[in-house]
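Per-entry structural report
Read off the chains here:
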Amino acid sequence: MAVSLDILLGGLKAAGEPTRLRIIGLLSRAELTVSELTQILGQSQPRVSRHLKLLDDAGLIERFREGTWVFCRLATNGEAGDLSARIVELLPEDAGGEDGDLARLETVRRHRADAATAYFRANAERWNEIRRMHVPESNVESVMEGLFTNRPVGTLVDVGTGAGRILELLGPTADEAIGVDLSHEMLGLARANLDRSGLKHCRARHADMHSLPFSESSVDTVTYHQVLHFADEPVGVLAEGERVLRPGGIMVVADFAPHDVESLREEHAHRRLGFPDNEVAGWMQTIGLTAGEPVHLDGDPLTVTVWHGEKPLAKRARAS
Ligand SMILES: C[S@@+](CC[C@H](N)C(=O)[O-])C[C@H]1O[C@@H](n2cnc3c(N)ncnc32)[C@H](O)[C@@H]1O
């Protein structure tokens, strides 16, 4: 596809400098924070920030803040996104090797993965306590996958992505997948897992399920896997998911059927002890989705239910 002259000129000007080409090469391999880029490039933070600003102004990269960290990644959308992908294609396979960038990138990745593993180890037993109470997750995952045998995943948003398991499950067939979570530690785990799986079109982003950082009607699939029970007002959370769904899109919710395991409230901060089908169907109706048949996966003491709802296609205007 041709790129407009303005974008081409601006993009080539911004990219046409050795450090900025190194940055493009690095970001084609991983999303990196400014401080990680500073370590890898061996340049001062103000210098690196200046390079990043120029690349950002030309639209070749995107920056987003997460607490005190600023993450950078290659732009993926629009003409500037196409241009950045073409520049990457032109870079030699081993670009950055001679500057030691690739070796330092590996060190940064190892540190991230180590931090994620330490967090996982510290919490794994708590999570396993819950897993032992219900059917294996693979059973739930097959039901979720089954919803996509006759429809594409398209652009996926996985809400409360945790360690990014649903991104790993549905990401391979998605055009693009974004997992959002409130916890920085969980996002660290998700990023390490995505890095390991090589799913470059999947990413993890800090966001609250009550206010998703996506525009209206911009995604095809929204998933909530074991997250809705944390919500004070689940219907408000699902309404936010409906807002970002395109007409024809699908919302999938996997959570517990009503139960009386009070310890989940006390020890795991669950607000709701499961949801009855009629309540979820009512919410889907309230927010304008057409609810499908729920699937129950009986377990002791917890039954997992997978609900789904489709956003109706926009009604065609009647001919006058
Ligand atoms: C039980 S974990 C489930 C993770 C993942 N969906 C899975 O099933 O493997 C729940 C996740 O929801 C996240 N979470 C809780 N409240 C949230 C909120 N308001 N917005 C976004 N994520 C939230 C937690 O940080 C946690 O990672």
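Note that this is a predicted model, so its numbers are computed, not measured.

Conventions and cut-offs
Residue numbers here run from 1 along each chain, matching the order of that chain's written sequence. Selection of residues for local features in this predicted model requires a pLDDT of at least 70, selection of side-chain atom pairs for listing and counting requires 80 or more, and totals for whole chains, interfaces and linings are taken over all residues. The side-chain figures draw on all heavy atoms in the structure; neither hydrogens nor water molecules are used. We define proximity as follows: a residue is near a molecule or strand when any one of its heavy atoms falls within 4 Å of that partner. A 3.5 Å cut-off defines polar contacts: any pair of N or O atoms within that distance qualifies, except that in protein one atom must be a possible hydrogen donor and the other a possible acceptor, and neighbouring residues in sequence count only when both atoms are side-chain atoms. Using the Shrake-Rupley algorithm and a 1.4 Å probe, accessible areas are obtained, with residue cover drawn only from the displayed protein chains. The nonpolar class holds Ala, Val, Leu, Ile, Met, Phe, Trp, Tyr, Cys and Pro. Asp, Glu, Lys and Arg form the charged class, and all remaining residues, Gly among them, are polar. Domain boundaries shown here were taken from an automatic or database domain assignment. By definition, residues are in contact when any of their heavy atoms lie within 4.5 Å. Two parts placed together each lose some accessible area under a 1.4 Å probe, and adding up what both lose gives the buried area. Salt bridges are counted wherever a side-chain nitrogen of Lys or Arg sits within 4 Å of a carboxyl oxygen of Asp or Glu. Counting from the N terminus, the helices are DSSP H or I runs at least four residues long and the strands are E runs at least two residues long. Each residue after the first adds 1.5 Å to the expected span of a helix. The buried label applies to any residue whose accessible area, calculated with a 1.4 Å probe on protein chains only, is under 20% of its type's maximum; exposed applies above 50%, and partly exposed to all values in between. Here the arc refers to the directions that run from the helix axis out to each C-beta atom. Note on aromatic contacts: the rings of Phe and Tyr and the six-membered ring of Trp form a pair at centre separations within 6.5 Å, being stacked when their planes are under 30 degrees apart, edge-to-face when over 60 apart, and tilted otherwise. In this analysis an axis means a line fitted to C-alpha atoms, helices contributing only their contacting stretch, and an angle means the value between N-to-C directions, from 0 to 180 degrees. With respect to orientation, any angle under 35 degrees is reported as roughly parallel, any angle over 145 as roughly antiparallel, any angle of 65 to 115 as roughly perpendicular, and every other angle as oblique. Crossings are assigned a handedness: left-handed for a near helix turned anticlockwise from the far helix by less than a right angle, right-handed for a clockwise turn.

Further remarks concern the site of the ligand. The immediate surroundings of the ligand are formed by 14 residues, with Gly 160, Asp 181, Asp 208, Met 209 and His 225 found nearest. In this structure, an oxygen atom belonging to the ligand sits 2.6 Å away from a side-chain N or O atom of Asp 181. Within the complex, 79% of the 590 Å² of free accessible area of the ligand lies under protein. Tallied by class, the residues present in the shell around the ligand amount to six nonpolar, six polar and two charged.

The subject of this paragraph is the domain arrangement of the protein chain. Partitioning the protein chain into domains gives domain 1 (5-106) and domain 2 (133-310). The gap between the C-alpha centroids of domain 1 and domain 2 is 32 Å. Listed per partner, the contact involves nine residues of domain 1 and nine residues of domain 2. Across the domain 1/domain 2 interface, buried area totals approximately 690 Å², and carbon plus sulfur atoms make up 39% of it. Broken down residue by residue, the surface that domain 1 buries against domain 2 is led by Glu 31, Glu 66 and Arg 73, which jointly contribute 53%. Linking domain 1 with domain 2 are one salt bridge, by the criterion used here. Of the charged contacts, one joins Glu 31 and Arg 191 as a salt bridge, the two residues approaching to 3.8 Å between their closest N and O atoms. Counting every contact that joins domain 1 to domain 2 gives one residue pair in polar contact (both at pLDDT 80 or more). Secondary structure elements with two or more residues in the side of domain 1 that touches domain 2: strand 2 (61-66) and strand 3 (69-74). Its residues assigned to classes, the side of domain 1 that touches domain 2 shows two nonpolar, three polar and four charged.

As a further point, take helix 5 (residues 78-90). Relative to the 18 Å expected for 13 residues at 1.5 Å per residue, helix 5 spans 19 Å between its end C-alpha atoms, a close match to the ideal helical length. Listing the buried residues of helix 5 in full gives Ala 80, Gly 81, Leu 83, Ser 84 and Ile 87. The buried side chains of helix 5 occupy one side of the element, clustering within an arc of 160° when seen end-on. Contacts made by the buried residues of helix 5 are with helix 1 (5-15), helix 2 (18-27) and strand 3.

Time to look at the environment of Gly 96. Along the polypeptide, Gly 96 turns up in the loop between helix 5 and helix 6 (101-131). In the structure, Gly 96 is positioned 83 residues away from Gly 179 in sequence and 29 Å away in space, judged by C-alpha atoms.

So, about the environment of Glu 242. Tracing the backbone through its elements, the reader meets Glu 242 in helix 10 (residues 234-244). When the C-alpha positions of Glu 242 and Leu 55 are compared, they lie 34 Å apart, and in sequence the two are 187 residues distant. Dropping the residues within four chain positions of it, Glu 242 is found in contact with Met 251, Ile 287, Leu 289 and Lys 311.

Once that is clear, we can look at the packing of aromatic side chains. Inspection of the entire model under this criterion finds six aromatic pairs. Geometrically, the ring pair formed by Tyr 119 and Trp 127 is edge-to-face, given 6.1 Å between the ring centres and 65° between the ring planes. A relative accessible area of 24% places Tyr 119 in the partly exposed class. Judged by centre distance (6.4 Å) and plane angle (75°), the rings of Phe 275 and Trp 307 are edge-to-face. You can see Phe 275 sitting in the loop between helix 11 (263-268) and helix 12 (277-286) and its partner Trp 307 sitting in strand 11 (residues 304-310), a full 32 residues away along the chain. By relative accessible area, Phe 275 is classed as buried at 0%.

Look at helix 3 (residues 34-41) against helix 6: their axes get within 8 Å of each other, and the N-to-C directions meet at 140°. In this view, helix 3 runs oblique relative to helix 6, as classed from their interaxial angle. When you trace helix 3 past helix 6, the crossing you get is right-handed. Here Glu 36, Gln 39, Ile 40 and Leu 41 of helix 3 come into contact with helix 6, specifically with Asp 101, Arg 104, Leu 105, Val 108 and Arg 112. When grouped by side-chain class, the residues that make up the contact of helix 3 with helix 6 number four nonpolar, one polar and four charged.

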